[in-house]
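Coordinates in review
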Amino acid sequence: MYEESSLNPGNSGFNLSINPLLHELPSYQTVVRRSHSVSASTRRRSTLGSYFSTSLKRRESLGDAVEQADRPLRDFPISIQEKKKIRQDDQIYSSSNQNIIFKNMKWRRLSQGIKEHMSSLYLWRKDIHDIEGKFGTGIQSYFSFLRFLVLLNFVIFLLMFSFIILPMIISVQEVLNITRTQVSSSGRVEECTKYEGSNPGLILFYSHMIDLLSGAGFLEKTYLFYGFYETDELHSNYFHYNVPLAYLLTTFAYILLSLFWIVKRAVEGFKQSFIRSEDRFQSFCNKIFAGWDFCITDEHAAAMKHSSLQYELKTDLDEERIKQKIAERTQKEKFQIYLRRAFLNLLVLLILAACFYCIYRTTIYSQQFHYTQTNDGSFTFDLIVQYLPSIVITAANFITPLLFEYLITFEDYSPAFEIKFMLLRSVFVRLANIIVLLLSLWSQITTCDGGECKPCGYNHKSYPCWETRIGQEMYKLMIFDLIIISAVTLFVEFPRKLLVTFCSFPPFTWWGQQQFSVPQNVLEIVYGQTICWIGTFYSPLLPGIATIKYFAIFYIKKVSLMANCQPSTRPFRASSSNFFFLAVLLIGLPLACVPILFSIAVISSSKSCGPFIKFNTTWEIIPTTINSFPVGLQKLLYGLGSEIFAVPFFIIVCLILFYLVALSAAHKRVVVQLRDQLAMQGRDKQYLIRKLMRESVIAKKRLAMANAEKQ
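Let me sum up the structure you'll find in this document. These figures come from a predicted structure and were not determined experimentally.

Next up on the list: the overall build of the protein. If you tally the helices and strands in the protein, you get 22 helices and five strands. Expressed as a percentage of its 711 residues, the buried residues of the protein come to 38%. Sequence-distant contacts, at least 24 apart, represent 76% of the contacts inside the protein between residues at least 6 apart. Of the roughly 41,900 Å² that the protein leaves accessible, carbon and sulfur atoms contribute 64%.

So, in structure tokens, the structure goes:
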């Protein structure tokens, strides 16, 4: 056994550059424990050393005593007073260290308590924990994503309320001085300034219900829509607030906030997804030995998880089989498959074209009916016509994925690529339908017969406040989306659950229980969030409505999941799900920015409503504001927006991106090398185990032979 003096970490002869493998040895762990137990003697040594270096330097005979400070204090040849002083210094040092340690522990416990208390205040913390326990982390990630959208929309609503709605409330109350700028009317331009809102004529009993669902009537000139915000400036002796500039900058602010928040959350999921996507050689081992979700406590959910793992293994085997089949294809077979895929993709394009044409025609019909209605129709007919584009878009969102799911079975893709391609088509359909609706509206807004659009730059007769009209369409899409989700839960999923549970007839047993498909549910809420992003510019209160909508959807989906649904046989892992959700959301955000930027920079702003009455386009507020700055600041800002600055900035950004791509490639090569090393170490271990087993067998044989010879 080693000597204590030779292994003591405080000893000057102790070698700290030990092989890291020795750190795991029991002898080293024992030394570490002993080093903690002799901390008091270590402090005494330091106290003695400082004391001897000051007051006992002149005593050369005590030099050896300092080196042997591990001995008890009574063995040192010093006076009683000196020993008492050393003990007092040691006690003071120990008590001060104890106080510091006690304070650190107190603050650590306090911070942990605050963190636990704050975590208990998270929205739906218990509900999401219950869902995770019964259905696993895949479905739990959907509800966490829904909570993220609630928080995002609530923050956007706070932005819009603080910088746009609140100044308008102040202007209505006339707390500050108000400036309302009107367009200088000359000739036919005076027609552009007329805006009386919708004229309902004789108000019927159901008119308020239609107005509430369509955003027209009494809701048209409220805080809900763009046309209400006609204040140009709020000012007092020491305060000036430019409402048009605040409106535009707040629009850019909520878009950038959404972008940064989504990217921040997506980075973590991307890291995990990137690592998992490269983990090819041990995918089967991961699914067999590490694929179980230990958060599941429900027996039915556990059975579903078993079947899902079997499905994943079957899918991996099918992929390997398809890869082998692809490698063995002849040129004739490849030509036939490519020809079939081309025909099916052409059929998909025809289906999309039919959907887009239906949306275009119904939008035009609904818009014409809106300005020619005579209030002599029925409540049902008027409401259907008002919601006709929303009905067609919802029907297209429901029917086209079913058709795509049927057609993709003939395209002979791998199972994993089939799911991704199917989801990509579904995302494209949902988002493209919104773009087609906006294009249909803009075709009506920007075109008119006989050059009547020249005085105002848009169709001022049919659309005196065209921004409000677009806001009403986005409002109707959001309300109708909530109605459809609620109706499907109440009138489809609940009856299906009852029929499957209590009816044993073959059609119902074949139908089976409703499955909670995470990707399809995510596409629903991403579609709604894209509508919210587009409509917020035209309806500043829309984020608040979206917050209430997603709040209601959470409980609707939770009740439906607990009572009606079972997990899908094609579940998503939580790590890949989070990145997939945010990636789809990032696709919707740029598509939402395109119509907003088009409205800001291209189409003439309304001359009869809104904060940009005196500007030809919304963007003109930016150069107008810059021209009011000092000359030096103007030159700086115009320089930042010129090509002289843009070209070097673009080159620098390209160089940074090139560096990051090269760094990523280098890291990828390192990861590949480390994986090869892990594989090699695994082979080395297998070799050593086989060799050890062989040596043990030889040793047993030798021992048996030796025993036989002795006998």
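Structurally, proline 455 is set in the loop between helix H14 (415–446) and helix H15 (466–502). For the pair proline 455 and cysteine 192, spaced 263 residues apart in sequence, the C-alpha separation works out to 7.6 Å.

In terms of nonpolar packing, the biggest core is built from 99 residues, with Tyr142, Phe143, Phe145, Trp466 and Trp533 touching the most fellow members. With 17 residues, helix H6 (residues 125–173) is the largest single contributor of residues to this core. Each residue touching phenylalanine 145, except ones within four places of it in the same chain, is listed here: Val522, Ile525, Val526, Phe581, Leu582 and Leu585. One finds Leu344, Ile351, Phe421 and Met422 within the second-largest nonpolar core, a separate group that totals 13 residues.

Before going further, it helps to examine helix H13 (residues 388–407). Here H13 contains 20 residues, and its C-alpha end-to-end distance of 28 Å stays within 8% of the 28 Å for a straight helix at 1.5 Å per residue. Among the residues of H13, those classed as buried are Leu388, Pro389, Ser390, Val392, Ile393, Ala396, Asn397, Thr400, Pro401, Phe404 and Leu407.

Here the structure, examined in full by the defined rule, presents one disulfide. Two residues, cysteine 465 and cysteine 609, share a disulfide whose sulfurs are 1.9 Å apart. What sets the handedness of the cysteine 465 and cysteine 609 disulfide is the S-S torsion sign, and at about 90 degrees it is right-handed. In this pair, cysteine 465 sits in the loop between H14 and H15 while cysteine 609 sits in the loop between helix H19 (574–601) and helix H20 (621–627), placing the two residues 144 residues apart along the sequence. Summarising the burial analysis for this pair, cysteine 465 and cysteine 609 share the class buried. In this structure cysteine 355 is not part of a disulfide, and its nearest cysteine sulfur, from cysteine 358, lies 6.7 Å away. The exposure class of cysteine 355 is buried, given its relative accessible area of 13%.

It is worth spelling out the environment of arginine 430 at this point. With respect to the helices and strands, arginine 430 occurs in helix H14. For the pair formed by arginine 430 and valine 526, sequence separation is 96 residues and the distance between their alpha carbons is 9.2 Å. Beyond its immediate sequence surroundings of up to four residues, arginine 430 is in contact with Asn397, Leu523, Glu524 and Tyr527.

Bringing the pattern of salt bridges into the picture now. Under the definition given, this model contains six salt bridges. For lysine 557, the salt bridge identified is with glutamate 524, shortest N-O distance 3.5 Å. Taken as a pair, lysine 557 in helix H18 (residues 542–563) and glutamate 524 in helix H17 (residues 518–536) lie far apart in primary sequence, 33 residues in all. Each of Arg469, Glu473 and Lys476 takes part in one network of salt bridges that share partners.

Attention shifts here to the packing of aromatic side chains. To describe a pair of aromatic rings, one takes the distance between the centres and the angle between the planes. For the structure on display, the rule yields 27 aromatic pairs. Between tyrosine 247 and phenylalanine 537 the ring centres are 5.6 Å apart and the planes differ by 80 degrees, which places this aromatic pair in the edge-to-face class. Of the two residues, tyrosine 247 sits in helix H8 (residues 243–277) while phenylalanine 537 sits in the loop between H17 and H18, which places them 290 residues apart along the sequence. In terms of burial, tyrosine 247 and phenylalanine 537 fall into one category: buried.

Another aspect to go through is the packing of H15 against H18. Contact pair H15 / H18: the axes reach a minimum separation of 11 Å and the direction vectors enclose 10 degrees. As judged from the angle between their axes, H15 and H18 are roughly parallel. Along its contact with H15, which presents Met474, Tyr475, Met478, Ile479, Asp481, Leu482, Ile485, Ser486, Thr489, Glu493, Phe494 and Lys497, the element H18 presents Leu542, Ile545, Ala546, Lys549, Ile553, Ile556, Lys557, Val559, Ser560 and Ala563.

Calculation rules
- Residues numbered from 1 in each chain as written.
- Predicted model: local features only at pLDDT ≥ 70, side-chain atom pairs only at ≥ 80, totals over all residues.
- Heavy atoms only, no water.
- Helix = DSSP H or I, 4+ residues; strand = E, 2+ residues; numbered from the N terminus.
- Buried < 20%, exposed > 50% of the residue type's maximum accessible area, 1.4 Å probe, protein only.
- Contact = heavy atoms within 4.5 Å.
- Areas by Shrake-Rupley, 256 points an atom, 1.4 Å probe, with all protein chains shown as cover.
- Core = buried A, V, L, I, M, F, W, Y, C linked by side-chain atoms within 4.5 Å.
- Expected span 1.5 Å × (residues − 1).
- Disulfide = S-S within 2.5 Å.
- Salt bridge = Lys/Arg side-chain N within 4 Å of Asp/Glu carboxyl O.
- Phe/Tyr/Trp six-rings, centres within 6.5 Å; stacked < 30°, edge-to-face > 60°.
- Axes fitted to C-alpha atoms, helices over the stretch in contact; angles between N-to-C directions.
- Parallel < 35°, antiparallel > 145°, perpendicular 65-115°, else oblique.

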